[in-house]
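Coordinates in review
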Amino acid sequence: MSEISKLALGTAQLGMNYGLTNKSGKVNKVEAFKILENAYSNGIMVLDTASSYGTSEKLIGEFGNNKFQVCTKIKINDLNTNDINLRIKEEVFNSLKNLKIDNLQYCLIHDIDFLCGGLGNEIWSALAELKKKQVIKKVGYSIYAPDDLDKLYDKYTPDIIQTPFNILDQRIKQTGWLKILSEDKVEIHARSVFLQGVLLSELSELPSYFSNWSDVWLDIDDLCEHHNLSRLELLLAVASNEKKISKIIVGVTSNAELDQIFEACKKTLDIPINYLPDIDNKLIDPRRWPSK
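**Structural notes on the overall build of the protein chain**
- Across its full length, the protein chain carries 13 helices and eight strands.
- Against the 2.2 N^0.38 benchmark of 19 Å for 292 residues, the protein chain shows a C-alpha radius of gyration of 19 Å, consistent with a compact globule.
- Of the contacts formed within the protein chain by residues at least 6 apart in sequence, a portion of 74% connects residues at least 24 apart.
- With an accessible surface of roughly 13,600 Å², the protein chain has 46% of that area assigned to carbon and sulfur atoms.
- Each charge class in the protein chain can be summarised by its mean position, and for the 35 positive and 40 negative side chains these summaries are 6 Å apart.

Listed below in structure tokens is the structure:
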């Protein structure tokens, strides 16, 4: 069953030109404010942003986000510093300044390579200190694949994980990590539910690169026909049906798109649809796609 209360609003499109299928570019301020107001009015309580999402944090701050819980991701571009503790604090407090709030509900490391390196302990300790001071309520990291958890989880046990999850990419479930995280009370936020809009698009609308997987589009359309659901309804229902997932992050380029998502959430799917086997990583990992 799809539930609006399970949605979180991704705000990358509000601060920058984001997404392979985004033809309209960065959302203008008037439309962005309409989107934020509509999200709040319909029960969305969490905004997902990042310091690297262009002007997203500042836009949220200008809107006035005391209505929302905020999840932001910090990125450290230069590790050649003698004081990582100070650098992390600077990043966090800069985000707080942009957002015009006193504390963060969630703060994630955007690139887990930072934690895998020699300064991982210092980075994690700095976040733990900010959590102790209640500047951050929950700390964690954003992953691209379950392998990332194999490297980090025992050493840096998070309060929250952000992970890809969609009809094609259910590796987090397939590997058993979803069950482990849930049992350990780790909050799980799913992103890439639409795979940057690729899964909502016709193959003819996409770069020729994706024609290698025409059979996947046929399979998805067959599922839609079988369950009498649109693609949007199917993709939302697949993620929403996974009870161990706390939030489903959706991004939009217009207020009309957000209304379509709310309408799609009314449809239900009575049976789980498991991952489709033998899906190529070159399809489900946007890092492997050719540049626009």
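On we go.
**Considering the nonpolar core**
- Membership of the largest hydrophobic core comes to 91 residues, with the highest contact counts inside it found for I88, V92, Y141, I167 and L234.
- Tallying contributions element by element places helix α11 (residues 231–240) first for this core, with seven residues.
- With near-sequence residues (within four places) excluded, I88 lies in contact with I74, I76, I123, A126, L127 and L130.
- Counting seven residues, the second-largest nonpolar core is a separate cluster that includes A8, V46, Y106 and I249.

**A closer look at the packing of helix α2 (residues 29–41) against helix α12 (residues 255–264)**
- One way to put it is that α2 packs onto α12 with a least axis distance of 9 Å and a crossing angle of 20°. Taken together, α2 and α12 sit at an angle that is classed as roughly parallel. Remark: the crossing between α2 and α12 carries right-handed chirality. Contact residues: α2 offers E31, K34, I35, N38 and A39, while α12 offers N255, A256, L258, D259 and F262.
- Within the contact of α2 with α12, the residues separate by chemical class into five nonpolar, two polar and three charged.

**Observations concerning the environment of L7**
- Topologically, L7 is positioned in strand β1 (residues 7–10).
- Since its relative accessible area comes to 1%, L7 is described here as buried.
- Along the sequence, L7 and M45 sit 38 residues apart, while their C-alpha atoms lie 8.1 Å from each other.
- Those residues in contact with L7, other than ones at most four positions away along the chain, are I44, L236, K247, I248, V250, I261, F262 and C265.

**Overview of unusual backbone geometry**
- The phi dihedral of L195 falls on the positive side, at around 55°, and the residue is not glycine.
- By secondary structure assignment, the location of L195 is in the loop between β7 (187–191) and α10 (214–227).
- Classification of L195 as buried rests on a relative accessible area of 1%.

**Overview of the pairing of β1**
- The alternating pattern of β1 places L7 and L9 and A8 and G10 on opposite faces, both of which are buried.
- In terms of strand pairing, β1 meets strand β8 (residues 247–251) through four bridges, oriented parallel. Note on β8: the bridge partner recorded for L9 is V250.
- Inspection of the sheet shows β1 paired to strand β2 (residues 46–48) by two bridges, in the parallel sense. The partner of G10 across the bridge, within β2, is D48.

**Details of a negative patch on the surface**
- Negative charge collects at one region of the surface, where D215, D219, D222 and E225 lie side by side.
- Position of D222 relative to the elements: it lies in helix α10.

**Concerning the pattern of salt bridges**
- Going through the model one piece at a time under the given rule, you end up with 17 salt bridges.
- As a salt-bridge pair, D169 and R171 come within 2.7 Å of each other at their nearest N and O atoms. Of the two residues examined, D169 and R171, each falls in the buried class.
- Across the pair E202 and R231 runs a salt bridge whose closest N-O atoms are separated by 3.1 Å. Here R231 lies in helix α11 and E202 lies in the loop between β7 and α10, a separation of 29 residues in the sequence.
- Owing to a relative accessible area of 40%, E202 belongs among the partly exposed residues under this scheme.
- Look at R231 and you get buried, because its relative accessible area is 10%.
- Via salt bridges that share partners, K89, E129 and K133 belong to a single interconnected network.

**Here's the deal with the sheet that holds strand β4 (residues 104–109)**
- Pairing is parallel in the closed barrel, where eight strands are placed in the order β1-β2-β3-β4-β5-β6-β7-β8. Averaged over neighbouring strand pairs, the angle between their axes works out to 30° when direction is ignored.
- Note: β4 against strand β5 (residues 136–142), five bridges, orientation parallel. Residue I109 lies in a different strand from β5, and its bridge partner there is Y141.

Cut-offs applied
- Residues numbered from 1 in each chain as written.
- Predicted model: local features only at pLDDT ≥ 70, side-chain atom pairs only at ≥ 80, totals over all residues.
- Heavy atoms only, no water.
- Helix = DSSP H or I, 4+ residues; strand = E, 2+ residues; numbered from the N terminus.
- Rg over C-alpha atoms; globule rule 2.2 N^0.38 Å.
- Contact = heavy atoms within 4.5 Å.
- Areas by Shrake-Rupley, 256 points an atom, 1.4 Å probe, with all protein chains shown as cover.
- Lys, Arg positive; Asp, Glu negative; His and termini not counted.
- Charge placed at Lys NZ, Arg CZ, Asp CG, Glu CD.
- Core = buried A, V, L, I, M, F, W, Y, C linked by side-chain atoms within 4.5 Å.
- Buried < 20%, exposed > 50% of the residue type's maximum accessible area, 1.4 Å probe, protein only.
- Axes fitted to C-alpha atoms, helices over the stretch in contact; angles between N-to-C directions.
- Parallel < 35°, antiparallel > 145°, perpendicular 65-115°, else oblique.
- Left-handed = near helix turned anticlockwise from the far one by under 90°.
- Nonpolar A, V, L, I, M, F, W, Y, C, P; charged D, E, K, R; others polar.
- Pairing = 2+ DSSP bridges.
- Patch = residues over 30% accessible without salt bridge, like charges linked within 9 Å, V, L, I, M, F, W, Y side chains within 5 Å.
- Salt bridge = Lys/Arg side-chain N within 4 Å of Asp/Glu carboxyl O.

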